[in-house]
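# Architecture at a glance
Listed here are the chains, written in short residue letters.
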Amino acid sequence: MQRALTLSLLFLLLSCASGRDAGAPFDEIVWEKRARRPAEDPYASYLLARFQEHHGRADGAMRSYLEAAKADPEAVDVLARLAELHLERREFRLAAEHAERAVALDPAREDALSVLAKAYLETGKTDVAIARFEALAAREEKGTIHSLLAMLYQSRGDEEEAIAHLSRAAELSPGRAYYRVRLGDLFRRRQDYDRAEEEYAAAIRLAENDAPIRASLGRMYAESERWEKAAAVYEELAAEGYRPFDVHHRLAGIYLRLGRGEDAIRHAEALAEIDPSNAKLRAEVADLYLGLGREREGIAALEAAWTLDPRDPAPARKLVEIRLSLERFEEAEETLRRMLAENREDSWAWTRLSYARLRLGDPEESLRALETAAEIDPADGGILYLLGNSYLAAGRPEEALARFRLARENGIESADLLFKEASLEAELGREEDAIETLRILLPMEPDHPQALNLLGYLLADRGENLDEAERLVLRALELRPENPFFRDSIGWVYFRKGDFDRAASELERAHAGRPEDAVILEHLADAYAAAGRKEEAARAYRELLRRSGENDELGRKLRAVEEP
């Protein structure tokens, strides 16, 4: 190939000397002529391949390189380039094959060595690669092989060996900053920040104007929460114009950590100037404003983000949440109406519209909005839960129960939904259904105090499994010892078990905690009566009659304790 190179150069010189135009380096006519040369001319094939690569003709370049390699099997440049191309195509076996041939001809060929290591890694031959490169490392003089060994050991998770080989590479090539940077990266990943700082500083001394190295140092300072040092590094990079988007973004975050809001905003605004049409960026700037309590600017930035990309609901949703939190319900509704004009199938928007209309004093419109949301997304447990509660508030318990049951039919297993269902079933007199629902709920959440109490109470009220009922309610009381309703339940369990004195004692405590509750007072009156404490029972029944007016059942109970 050396002879071919000499002849080609002579040809070019003669062409120029005779006044004939030899053609520009990438002149179409000249290179097409070369393409018609016999395949046995390796240099022509090599140069043609370079030309084809330059013009993006990857397949043609590959064929030309292969022709060159066939014509001259010892052409290291061709073999190394073929190895790289096969690696780019993820043809790892072929990449390794050409790289091995190149390295056999030139053991110090760095690009071929690098391809060989990566090809072995990709084909799972890490141990083979390590053994091969360890054998080569003994006579290494430049550090390349040690650097590749570091990569191989790192891929295997052996960071100690990786550091040892990178350190050796840095010793062999003390003027090469790259090895120091990689050492810094390794120490940074190990959170050995002092060592990382030393290596990055050494790399910077070797390459003072290398901005990426200083960026790595800044990232390390940020990861180790040395915010002031990180800010100093990134401010310097920002002044130089290095990767402005990334640098200003990092500075905004760092200054937020430092509590320097105005500096954070300064860099956020610089970000917006870099890419004024970037909706996502506008939304991030809005978050910065909002984080600093500057709601007016935050809302304006969100509006701008939404205007730039009206199909993205995220900025609009933030606008809605902010306005709802500020109790600006009319503004929230206006935003929601705009969202729904863009997408009528947005169940989230319908749900929030329901809340806004409720707060604006329109429960009927609020309910209709929730019904629409449920039609759009019938499997959403949150929507079904809200809709069930809305039906309850509207005095429509049967419809509320239907929604809670629908949630279960759709595969939603939420303890809150199941408890609502059980409570409604009990309220509507469907105790067996309520007990069944609670027995589904409690394995999901064994320490759900309300469920424990309700199941215990229902069992006691039916006179069933009274020992289990006692155990359930006592556990509920362990979780909520001050709850008067749970105290009422345990009193009612003891009543059903015939322990009337103990029942009265517990029910007195429940009544003291909730004196206005008629059910607790009636339970107490019944316990007094069963315990033979007729005067106390009579007083309680009279109080109940005073509150409720005429009541045949209460009247019968009162007469029973007043009889001599």
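The notes below deal with the structure included here. (Residues numbered from 1 in each chain as written. Predicted model: local features only at pLDDT ≥ 70, side-chain atom pairs only at ≥ 80, totals over all residues. Heavy atoms only, no water.)

### Observations regarding the overall build of the protein chain
Counted only if it meets this: Every helix listed is a DSSP run of H or I at least four residues long, and every strand listed is a run of E at least two residues long, numbered separately from the N terminus. For this measure, only C-alpha atoms enter the radius of gyration; the expected value for a globule follows 2.2 Å times N^0.38, where N is the number of residues. Burial classes follow relative accessibility: with a 1.4 Å probe on protein chains only, a residue under 20% of its type's maximum area counts as buried, one over 50% as exposed, and anything between as partly exposed. In what follows, residue pairs with any heavy atoms lying within 4.5 Å of each other are defined as contacts. Values of accessible area rely on a 1.4 Å probe in the Shrake-Rupley scheme; residue burial ignores everything except the protein chains shown. When charges are counted, Lys and Arg are positive and Asp and Glu negative, with His and the chain ends excluded. Every charge is mapped to an atom, namely NZ of Lys, CZ of Arg, CG of Asp or CD of Glu.
For the protein chain, the helix and strand inventory stands at 33 helices and zero strands. What you see for the protein chain is a C-alpha radius of gyration of 40 Å, clearly larger than the 24 Å of a compact globule of 564 residues, by over 25%. Along the longest, intermediate and shortest principal axes, the C-alpha atoms of the protein chain span 140 × 55 × 50 Å. Expressed as a percentage of its 564 residues, the buried residues of the protein chain come to 45%. In the protein chain, 44% of the contacts between residues at least 6 apart in sequence involve partners at least 24 apart. By element, 48% of the accessible surface of the protein chain is carried by carbon and sulfur atoms, the whole surface being about 29000 Å². Between the centroid of the 82 positive side chains of the protein chain and the centroid of its 111 negative side chains there is a distance of 4 Å.

### Section: helix α27 (residues 449-461)
Convention followed: Every helix has an expected span of 1.5 Å times one less than the residues it contains.
Its 13 residues place the ends of α27 18 Å apart at the C-alpha level, agreeing with the 18 Å of an ideal helix rising 1.5 Å per residue. Within α27, burial applies to P449, A451, L452, N453, L454, L455, G456, Y457, L458, L459 and A460. Buried residues along α27 sit against α25 (415-427), α26 (431-444), α28 (466-479), α29 (484-496) and α31 (518-530). A positive backbone phi angle near 70 degrees is found at G463, which sits one or two residues after α27.

### Things to note about the packing of aromatic side chains
The geometry of an aromatic ring pair comes down to the distance between the two centres and the angle between the two planes. Quick reminder of the rule: The rule is short: rings of Phe, Tyr and Trp, with Trp giving its six-membered ring, pair when the centres are within 6.5 Å, and they are stacked under 30 degrees, edge-to-face over 60, tilted in between.
Counted by the stated rule, this structure contains six aromatic pairs. Here the aromatic rings of F495 and F500 are separated by 5.4 Å at their centres, their planes lie at 65 degrees, and the arrangement is edge-to-face. On the basis of relative accessibility, which here comes to 16%, the residue F495 falls in the buried class. In this structure F500 comes out as partly exposed when scored by relative accessible area, which is 27%.

### A look at the pattern of salt bridges
Quick reminder of the rule: We define a salt bridge as a side-chain nitrogen of Lys or Arg found within 4 Å of a carboxyl oxygen belonging to Asp or Glu.
Inspection of every chain in the model, using the stated rule, returns 66 salt bridges. Close ionic contact of E297 with R294 constitutes a salt bridge, the shortest N to O distance being 3.2 Å. Given a relative accessible area of 23%, R294 falls into the partly exposed group. When the shortest N-O distance is used, the salt bridge between K557 and E522 registers 2.9 Å. Of this pair, K557 sits in helix α33 (residues 552-562) while E522 sits in helix α31, and the two are 35 residues apart along the sequence. A relative accessible area of 14% places K557 in the buried class. Judged by relative accessible area, E522 falls into the partly exposed class, the value being 24%. When salt bridges with common partners are traced through the structure, they connect E303, R323, R328, E331, E334 and R338 into a single cluster.

### Observations regarding the environment of A379
If you trace the backbone, A379 turns up in the loop between α22 (363-376) and α23 (381-393). The exposure class of A379 is partly exposed, given its relative accessible area of 42%. Sequence spacing of A379 and I412 is 33 residues, and the spatial spacing of their C-alpha atoms is 7.6 Å. Contact partners of A379, with chain neighbours within four places excluded, come to N410 and I412.

### Quick notes on the side chain of S147
Just so we agree on the cut-off: In the analysis that follows, any N or O atom pair within 3.5 Å is treated as a polar contact, provided that within protein one partner can donate a hydrogen and the other can accept it, and provided that, for residues neighboring in sequence, both atoms belong to side chains.
With respect to the helices and strands, the residue S147 is situated in helix α9 (residues 144-155). There is a polar contact of 2.6 Å between the side chain of S147 and the side chain of R182. With residues near it in sequence (within four places) discarded, S147 still touches L166, A169, Y178, Y179 and R182.

### Description of the nonpolar core
Cut-off, in case you're wondering: Only buried Ala, Val, Leu, Ile, Met, Phe, Trp, Tyr and Cys residues count toward a nonpolar core, and they belong to the same one when joined by side-chain atoms within 4.5 Å.
Ranked by size, the top nonpolar core spans 79 residues in total, and within it Y65, V78, F133, L149 and L237 carry the most contacts. Top contributing element to this core by residue count: helix α5 (residues 76-88), with eight residues. Those residues in contact with F133, other than ones at most four positions away along the chain, are L113, L116, A117, I145, L148, L149 and L152.

### Observations regarding unusual backbone geometry
Even without glycine at this site, R90 takes up a positive phi of about 65 degrees. You can see R90 is positioned in the loop between α5 and α6 (92-105). Positive phi, normally seen in glycine, also occurs at E327, with a value near 60 degrees. Mapping E327 onto the fold places it in the loop between α19 (313-325) and α20 (329-342). E327 sits in the exposed class, given a relative accessible area of 51%.

### Observations concerning the packing of α28 against α29
Basically, it comes down to this: Note on geometry: axes are C-alpha line fits, over the in-contact stretch for helices, and angles between N-to-C directions span 0 to 180 degrees. Working rule for angles: under 35 degrees goes down as roughly parallel, over 145 as roughly antiparallel, 65 to 115 as roughly perpendicular, anything else as oblique. Less than a right angle of anticlockwise turn of the near helix away from the far helix marks a crossing as left-handed, whereas a clockwise turn marks it as right-handed. Ten residue types, Ala, Val, Leu, Ile, Met, Phe, Trp, Tyr, Cys and Pro, are classed as nonpolar, four, Asp, Glu, Lys and Arg, as charged, and the remainder, Gly among them, as polar.
As a packed pair, α28 and α29 sit with axes 9 Å apart at the nearest point and diverge in direction by 160 degrees. Classified by the interaxial angle, the pair formed by α28 and α29 is roughly antiparallel. α28 and α29 meet at a crossing whose hand is left-handed. Between α28 and α29, the contacting residues are L466, A469, E470, V473, L474, A476 and L477 on the first element and F486, R487, S489, I490, V493, Y494 and R496 on the second. A class-by-class count of the residues in the contact of α28 with α29 yields ten nonpolar, one polar and three charged.

### So, the environment of G456
Mapped onto the elements of the fold, G456 is located in helix α27. Taking the C-alpha atoms as reference, G456 lies 50 Å from E295; in sequence the two are 161 residues apart.

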